[in-house]
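Results of the structural survey
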Amino acid sequence: MLSAERLDIIRKHVIQNKYGNINDLAAMLNTSPATIRRCFKQLEEEKLVESIRGGVVLASTTASILEQPYMVKRQHNSEEKIRIAQAACRYINPNDSIFLDSSSTVYEMCANLQTMKALKISTNDVLIASTLNGLDDCTVMVTGGTVRKGYYTLTGFFAQESIQQIHVDTYFTGVDAITPNGDFMITNTEEVDIKRYLMENANQCVVLCDHEKFNCTAFLHLWNHAQVDAVITGKELNDELFNQYIELGMPLIRV
């Protein structure tokens, strides 16, 4: 087995189980514990896992969210993200202007936008822009800016300058964490101002986030739940947490 193939199997195992044991994986993959430790070290460098005695745990299971590599985000809770994205598209009407923020969940909206007509689409994500480039009856605009290393997000001075000139009907965005008090948070300092400008320059804001983002904290505060128009998550969010956020007044939808 190639080392890259082994690492991918271990990565998927940890994402699915939120935990990885050195001896269990060594037996499963018919390799040595030392090889598994080296793989765990690589996943730790990706900020996917945190080391514990005898293995690792998924970093997102801790109280404070760590930003994961983009392709890991894409794979994690992928079925749930597709459902969330499908529900988000119900907020779009023909001739609308929309902004698709750089987010692995927002990216999943692209498949449903293929059949929509006469949209004006703006984005700060070059992957989203390239995926939507073939739309016949829609205009796709990309902000300027600097591409973040390892991601597809455009940030910096030129991104902020262009976004301040934009006004859209609906702003679709993701977040890294939602606190018990209903505050939205992210990990990356480069995106804070961009997200705040977009909130101010949109008629409505729709937040897309999988169930694991709830009851967590991240590094930077963005908005309070009273500032957004809808929060869409998966049916995986348990009833206790769902009711807790509904009681706060969050416009929360499970799909």
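In the block above lies the structure referred to throughout.
All of these numbers come straight from a predicted model, not from anything done at the bench.

Analysis parameters
- Residues numbered from 1 in each chain as written.
- Predicted model: local features only at pLDDT ≥ 70, side-chain atom pairs only at ≥ 80, totals over all residues.
- Heavy atoms only, no water.
- Helix = DSSP H or I, 4+ residues; strand = E, 2+ residues; numbered from the N terminus.
- Rg over C-alpha atoms; globule rule 2.2 N^0.38 Å.
- Contact = heavy atoms within 4.5 Å.
- Pairing = 2+ DSSP bridges.
- Axes fitted to C-alpha atoms, helices over the stretch in contact; angles between N-to-C directions.
- Buried < 20%, exposed > 50% of the residue type's maximum accessible area, 1.4 Å probe, protein only.
- Arc of directions from axis to C-beta.
- Polar contact = N/O pair within 3.5 Å; in protein donor to acceptor, adjacent residues only side chain to side chain.

**A word on the overall build of the chain**
- Helix and strand counts for the chain stand at eleven helices and 15 strands.
- At 19 Å, the chain has a C-alpha radius of gyration in line with the 18 Å of a compact globule built from 255 residues.
- With respect to the principal axes defined by its C-alpha atoms, the chain has extents near 60 × 40 × 35 Å.
- Of the contacts formed within the chain by residues at least 6 apart in sequence, a portion of 61% connects residues at least 24 apart.

**Points about the sheet that holds strand β15 (residues 252-254)**
- The parallel open sheet is built from seven strands, whose spatial order is β6-β5-β4-β9-β12-β14-β15. A single partner strand is all that each edge strand has here, and the edge strands are β6 (139-142) and β15. When strand polarity is set aside, the average angle formed by the axes of neighbouring strands in this sheet is 20°.
- Across four bridges, the pairing between strand β4 (residues 97-100) and strand β5 (residues 120-123) is parallel. In the strand pairing of β5, L100 is matched with T123.
- Packed on one face of the sheet, helix α5 (residues 78-88) meets β9 (168-174), β12 (202-208) and β14 (230-233) and runs near 150° to β14.

**Remarks on the sheet that holds strand β2 (residues 49-52)**
- Spatial ordering of the open sheet is given by β1-β3-β2, a layout of three strands whose pairing is antiparallel. At either margin of the open sheet sits one strand with a lone partner, and together these are β1 (19-21) and β2. Taken over all neighbouring pairs, the strand axes of this sheet differ in orientation by 25° on average, direction set aside.
- The strands touched by helix α1 (residues 3-17) are β1, β2 and β3 (55-58); relative to β1, the strand with the most contacts, the crossing angle is about 125°.
- Relative to β2, helix α3 (residues 33-45) is tilted by about 135°, and along the sheet it contacts β1, β2 and β3.

**Notes on the pairing of β9**
- Burial of β9 is extensive: six of the seven residues sit out of reach of the surface.
- Here three bridges tie β4 to β9, and the two strands are oriented parallel to one another. Following the sheet pairing, L100 is matched in β9 by F172.
- In this structure, β9 lies alongside β12, joined through six bridges in parallel fashion. Bridge pairing in β12 links Y171 to C205.

**Quick word on helix α11 (residues 239-248)**
- Buried within α11 we find L241, F242 and Y245. Around the axis of α11, the buried residues are gathered within 100° of arc, so they sit on the same side. Residues E240 and E247 are exposed on α11 and point more than 90 degrees away from its buried face.
- Buried-residue contacts for α11 involve β10 (177-178) and β15.
- Its side-chain oxygen placed 3.1 Å from the backbone nitrogen of E240, N238 serves as the N-cap of α11.

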